[in-house]
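# Architecture and fold: a report
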There are 2 protein chains.
Amino acid sequence: VESTVLGPGDDAAVVASSDGRVVVTTDLLIEGRHFRRDWSTANDVGHKAAARSFADVIAMGATPTALVVGFGAPGGLEVEWVDGLVAGLREECGTVGAAVVGGDIAEADGVTIAVTALGDLGGREPVTLADARPGDVVAVTGRLGWAAAGYAVLARGFRSPVQVVSAHRRPEVPYAQGPEAADLGATALTDVSDGLVADLGHIAETSGVRIDLEAARIDVPPKLREVGAALNVDPLVWVLTGGDDYALAATFPADVRLPEAWTVIGRVSEGEGVRVDGRRWPEGGHEHFRP
Amino acid sequence: VESTVLGPGDDAAVVASSDGRVVVTTDLLIEGRHFRRDWSTANDVGHKAAARSFADVIAMGATPTALVVGFGAPGGLEVEWVDGLVAGLREECGTVGAAVVGGDIAEADGVTIAVTALGDLGGREPVTLADARPGDVVAVTGRLGWAAAGYAVLARGFRSPVQVVSAHRRPEVPYAQGPEAADLGATALTDVSDGLVADLGHIAETSGVRIDLEAARIDVPPKLREVGAALNVDPLVWVLTGGDDYALAATFPADVRLPEAWTVIGRVSEGEGVRVDGRRWPEGGHEHFRP
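Summarised in this report is the structure supplied together with it. Every value quoted in this text rests on a predicted model; they were computed, and no experiment measured them.

What follows is about the interface of chain A and chain B. Contact residues are listed per partner, giving 51 residues for chain A and 51 residues for chain B. Summing both sides of the interface, chain A and chain B together bury roughly 3700 Å²; the carbon and sulfur share of this comes to 63%. Broken down residue by residue, the surface that chain A buries against chain B is led by Asp11, Val24 and Leu28 of chain A, which jointly contribute 17%. Put simply, chain A and chain B have six salt bridges between them.

Turning our eyes to something else, we now look at helix H7 (residues 222-231) of chain B. The periodicity of an α-helix, 3.6 residues per turn, causes residues three or four positions apart to be oriented the same way. Residue and element names in this part refer to chain B. Buried residues of H7: Lys223, Leu224, Val227, Gly228 and Leu231, and no others. Down the axis of H7, the smallest arc covering the buried residues is 135°, so these residues share one side. With respect to the buried face of H7, the exposed residues turned more than 90 degrees away are Pro222, Ala229 and Ala230. Asn232 lies just past H7 and shows a positive phi near 60°.

Before going further, it helps to spend a moment on helix H1 (residues 42-58) of chain B. Look at H1 of chain B: 24 Å from first C-alpha to last across 17 residues, which is about the 24 Å you get at 1.5 Å a residue. Within H1 of chain B, 17 of the 17 residues are buried, which leaves the element mostly enclosed by the surrounding structure.

Okay, the packing of aromatic side chains next. Per the stated rule, a full pass over the model turns up eight aromatic pairs over all chains. Ring geometry for Phe252 of chain A against Trp262 of chain A: centres 5.3 Å apart, planes inclined by 85°, an arrangement best described as edge-to-face. Of this pair, Phe252 of chain A sits in strand E10 (residues 248-252) while Trp262 of chain A sits in the loop between E10 and strand E11 (263-269), and the two are 10 residues apart along the sequence. Summarising the aromatic geometry, the rings of Phe35 of chain B and Trp81 of chain B are spaced 6.2 Å apart at their centres and angled 25° between planes, so their arrangement reads as stacked. Of this pair, Phe35 of chain B sits in the loop between strand E3 (21-30) and H1 while Trp81 of chain B sits in helix H2 (residues 79-96), and the two are 46 residues apart along the sequence. Judged by relative accessible area, which is 7%, Phe35 of chain B ranks as buried. Against the face of Trp81 of chain A rests Arg37 of chain A, its NZ or CZ located 5.7 Å from the ring centre.

It is possible for side chains of opposite charge to pair when their charged atoms get near one another. Enumeration over the complete set of coordinates arrives at 32 salt bridges over all chains. Between Arg52 of chain A and Asp27 of chain A there is a salt bridge; the shortest N-O distance is 3.6 Å. Placement of Arg52 of chain A in helix H1 (residues 42-58) and of Asp27 of chain A in strand E3 (residues 21-30) is noted, with a sequence separation of 25 residues between them. Here Arg210 of chain B ties to Asp212 of chain B by a salt bridge, and the two come within 2.6 Å at their closest N and O atoms.

Note on the identical chains: chain A maps onto chain B by a rotation of 180° and an axial translation of 0.0 Å, with an RMSD of 0.0 Å. Both copies are brought into coincidence by an operation consistent with a two-fold rotation axis. Considering only C-alpha atoms, the residue of chain A closest to the rotation axis is Gly20 of chain A, which sits at 2.2 Å. Taken together, the interface assignments show that 100% of the residues at the interface of chain A recur at the interface of chain B, consistent with an identical surface on both copies.

A separate point is the layout of surface pockets. Within this model, the second largest pocket holds a volume of roughly 1100 Å³. Taken together, 46 residues make up the lining of the second largest pocket; nearest its centre are Thr26 and Asp27 of chain A together with Gly103, Asp104 and Ile105 of chain B. Top element by residues in the lining of the second largest pocket is strand E5 (residues 99-107) of chain B. It accounts for six residues. Taken together, the residues that form the lining of the second largest pocket break down as 20 nonpolar, 12 polar and 14 charged.

This part covers the pairing of strand E6 (residues 112-120) of chain A. All names here are of chain A. In terms of residue burial, E6 counts as a mostly covered element, since nine of its nine residues are buried. Here E6 shows a buried face lined by Thr112, Ala114, Thr116, Leu118 and Asp120 and a second buried face lined by Ile113, Val115, Ala117 and Gly119. Here E3 runs beside E6; their pairing, made up of eight bridges, is antiparallel. Within the sheet, the bridge partner assigned to Thr25 lies in E6 and is Ala117. Where strand E4 (residues 63-73) lies against E6, nine bridges are found, and the strand directions are antiparallel. Within the sheet, the bridge partner assigned to Thr63 lies in E6 and is Asp120.

This part takes up the packing of helix H3 (residues 146-155) of chain A against helix H4 (residues 162-169) of chain A. Each pair of packed helices can be described by the angle between their axes along with the distance between the axes. Residue and element names in this part refer to chain A. Where H3 contacts H4, the two axes come as close as 7 Å, and the packing angle between them is 105°. When the interaxial angle is binned, H3 and H4 end up roughly perpendicular. Of H4, the residues touching H3 (which contributes Trp146, Ala147, Ala149, Gly150, Tyr151, Val153 and Leu154) are Gln163, Val164, Val165, Ala167, His168 and Arg169. Here the residues of the contact of H3 with H4 are counted per class, giving nine nonpolar, three polar and one charged.

The rules behind the values
- Residues numbered from 1 in each chain as written.
- Chains lettered and ligands numbered in written order.
- Predicted model: local features only at pLDDT ≥ 70, side-chain atom pairs only at ≥ 80, totals over all residues.
- Heavy atoms only, no water.
- Contact = heavy atoms within 4.5 Å.
- Buried area = accessible area lost by both parts, 1.4 Å probe.
- Salt bridge = Lys/Arg side-chain N within 4 Å of Asp/Glu carboxyl O.
- Buried < 20%, exposed > 50% of the residue type's maximum accessible area, 1.4 Å probe, protein only.
- Helix = DSSP H or I, 4+ residues; strand = E, 2+ residues; numbered from the N terminus.
- Arc of directions from axis to C-beta.
- Expected span 1.5 Å × (residues − 1).
- Phe/Tyr/Trp six-rings, centres within 6.5 Å; stacked < 30°, edge-to-face > 60°.
- Lys NZ or Arg CZ within 6 Å of the ring centre and 35° of its normal.
- Least-squares fit on C-alpha atoms with pLDDT ≥ 70 in both.
- 1 Å grid on protein atoms, 1.4 Å probe; cavity = no way out; pocket = protein on both sides within 12 Å on 5 of 7 lines; lining within 4 Å.
- Points joined across faces, edges and corners; volume = space filled by probe spheres on them.
- Nonpolar A, V, L, I, M, F, W, Y, C, P; charged D, E, K, R; others polar.
- Pairing = 2+ DSSP bridges.
- Axes fitted to C-alpha atoms, helices over the stretch in contact; angles between N-to-C directions.
- Parallel < 35°, antiparallel > 145°, perpendicular 65-115°, else oblique.

Structural data, given as structure tokens:
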């Protein structure tokens, strides 16, 4: 990969950064908390581990360039699992033009994956959580609720429908839309890792604004309605609270012309907090929320 | 800190890199394997965790600029321990002009610390393991054997002499000497993390050369002789095999004029492997080695 100046094998790696700045983010994934080896293959875990950190990179408006990975595992872990993990990490890197440039291995009681991703802003100003302004529109891109529906299916002991289970195992991050949002003049940008309402809450709090969402503008795909009906769950809850899809949520000036990938779902005004159809999102009451 | 463009609190951090390249290295520290909470304070562990990664950064000829830290811990871990760890990380950052710019926290069975350090080459070419040449001299800077002596003392249930125990708990890395080595024209450079002979072995193998050390040129300080006598260990073994001091070892063209901090201890020639007074370092026989 072009951005790798010096790859693995030396005391440290060297990565190019086109504009004299580098974006950096780190995540820790612990077996049993962030993934289960009976729910996901090693390859899935590799893809998801890389995707999760790359989502943070694109949420600044940057392009991912490199990963370094710390890997802790019990002595008895099968070599095939490690090979699958590394393959998954590399494949996800391949989809964004990044590379695994370094790592460290240690014996640990449980499988532990520490991923640090680097990114290049390409001359763009980083898009933070802090600059949403009253009058802005709120827009999203990427899948929302799919991974949460998949988790709900897996947690109940099922393995299908495959579309939602796959979404839990391996997110499809809208990689191109991070830098695109920056180029479109996004005033605030985040990846949806904690859930749409929670992550917009970070923007509302950091920018000192209120965010109003209109439920009617938020797409609830037929597949999620179908799974919701089967499990007796309102699928809008998955869309509003599910995080593992790593969609993007942004605020833009009201006169922005958004490409098709983006959907406007609300507005920014003066005040604080996030409301859905004018109602405060109930604290700690996600499972019981019915708009 | 000047190199921090955007610190913690957003989706990712942004760090300056003066010349369009960034050095990156990652390490995983696991309780019971890399540190013991009954041997070291949280503050010590923080210092050592940062120092270990910064040593890899300076071993490329770069200056450390930033740390990101993934921290896994059991639910019951005392808040004071975490505070001490963070203080130690920050203090070690302070000694090199770097900053903690991001992190992630997760529940884990044991205390797990994933440290990724970034560094700035300041226009220098990275000094790798690959370019040692026959005719070069081999030189070291920093402490050698002190941490190993401290470990030997602690492993036998003692808590003194304080000088060696402290060296195990908190390394004193010769930070200024990494970029200095690059400026002096070092052909290869590494930090001593696996042990002097082992790490010079990496240079010998990667550069395709032989390295000969003269035991008479290698300083064995009186304190290490004293501890060695008390424990019935040849202190030269600690100096040649101990890693946790994070000294630096480098090769330079023979006509180099080295500042006082550096000590020439050997030469590079054609061939392979590392020899001490002409003898191959015995594989797996460190404890029994007597030169």
